[in-house]
Amino acid sequence: MSNYFKNVVGQSRSTKILASHLDSRLISHAYLFLGREGVGKEYLAKEFARYIICGNKGEDDCPSCVRFKKGIHPDFIFIDGFDGIKIDQIREVVERINLTPSVSKKKVLLISGAENIGIEAANALLKTLEEPPADSVILITSRSEKRLPETIVSRTQVIKLNDIPKNEIEKALLYSYPKEEIESVLSISGGSMGECIRLLTDKKYRLKQEEIRNDVISFLKNNSVLDRFKIVEKYEKNKSIKTFFSFLTDRVLGSLISDYGESTEFSEKDLKSISASRKKIIAEKILKNYRNLDYNINLRIILEEMILEDSLNG
Ligand SMILES: [Zn+2]
């Protein structure tokens, strides 16, 4: 039995699949890791990359893995898509991935946060996925397949990450934090280990998240057009409307439509009082704009349209 992924929490289905690919050496050219924010997509993808490049059975201290963990392995190429992914970035890494590996048998490109990829960059990436260079593996992480062109999704092997059950998060965190503190952040963590740790260690961030959560609930429940407009305006003014919108899409959408997974902290209690027509309007608006959710889109207008359409309905 190999020793892969022993530090990955709560993703036994995905890790079993990936371990079987490693064991059989039948590794696909491209993988897409899907799951909610903070659920551990990037960590899992990086561990997978490390094992592909290393070629060992998951030992942690071989020279290849040591270099990888230091972030200096020449056969690993990484794009952090947090601030968007531009076509020039894709062009550059595609050039690099086309070269033969320097020290390993394979080169791995990881594109993290691909939900922020622009259309041009996506097309450039698609070309590489259509004709993948030999000896290379491309790993992509995204919060949702709906945020990527279907042509990209269809050329990858999809690995879906679960929301980690809350008791598993708690169990893992109990080594480092007191129980009461863990319990107080679990309900705003969105079933995400990374988010939990951030909430536990960064008090300012935690207060901010609690505030956004309350505003999102108010935006969902409130029946006054003016009050709802005020919430949108507040986030427009302090330039964090993208954060507000992401919260709405990543944490709430699951409760509005069924094919997006169910467990969110908003699920039953908070969302019960929202009318079916409002749920429908919000879900449709989000989904319609999901694939184009780059930095040029006017989120304020989308949110205000939700409010207005709903008020015409009611
Ligand atoms: Zn190794």
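Values in this document were obtained by computation on a predicted structure and should not be read as measured data.

Definitions and cut-offs
- Residues numbered from 1 in each chain as written.
- Predicted model: local features only at pLDDT ≥ 70, side-chain atom pairs only at ≥ 80, totals over all residues.
- Helix = DSSP H or I, 4+ residues; strand = E, 2+ residues; numbered from the N terminus.
- Expected span 1.5 Å × (residues − 1).
- Buried ≥ 20, exposed ≤ 12 C-beta atoms within 10 Å, placed from the backbone.
- Arc of directions from axis to C-beta.
- Core = buried A, V, L, I, M, F, W, Y, C linked by C-beta atoms within 7 Å.
- Domains from an automatic or database assignment.
- Contact = placed C-beta atoms within 7 Å.

Q: Summarise helix 14 (residues 299-313); cite the residues concerned and give the values.
A: Taking 1.5 Å of rise per residue, the 15 residues of helix 14 would be expected to cover 21 Å, and the 21 Å separating its terminal C-alpha atoms lies within 8% of that figure. Along helix 14, the residues classified as buried are Leu299, Leu303, Met306, Ile307 and Asp310. Buried positions in helix 14, seen along its axis, are confined to an arc of 90° and lie on one side of it. Turned more than 90 degrees from where helix 14 packs its buried face, Ile301 and Leu312 sit exposed.

Q: So what's going on with helix 11 (residues 225-237)? Residues and values would help.
A: For helix 11, spanning 13 residues, the distance from its first C-alpha to its last is 18 Å, which sits close to the expected 18 Å at 1.5 Å a residue. When we look at burial in helix 11, the residues that qualify are Arg228, Val232 and Tyr235. Angular distribution of buried residues about the axis of helix 11 spans 65°; they occupy a single face of the element. For helix 11, the exposed residues set more than 90 degrees away from the buried face come down to Leu226, Asp227 and Lys237. Of the residues trailing helix 11, Lys239 is marked for its positive phi of about 55°.

Q: Account for the nonpolar core, with residues named and values stated.
A: Side chains that are nonpolar tend, in soluble globular proteins, to be buried together. If you look at the biggest cluster of nonpolar residues, it comprises 47 residues, and the most contacted ones within it are Phe33, Phe48, Ala49, Val108, Leu109 and Leu139. Looking at this core element by element, the count peaks at eight residues for helix 2 (residues 41-54). Three or more residues apiece are contributed to this core by two domains, here domain 1 (12-160) and domain 2 (165-201). Not counting residues up to four positions away in its chain, the partners in contact with Phe48 are Leu18 and Leu139. Core analysis: the next-biggest nonpolar cluster, separate from the first, contains 18 residues, Phe219, Val232, Leu248 and Leu256 among them.

Q: I'd love a proper account of the domain arrangement of the chain, names of residues and values included.
A: Each assigned domain of the chain is listed with its residue range as follows: domain 1 (12-160), domain 2 (165-201) and domain 3 (208-313). Each of domain 1 and domain 3 has a C-alpha centre, and the two are 31 Å apart.

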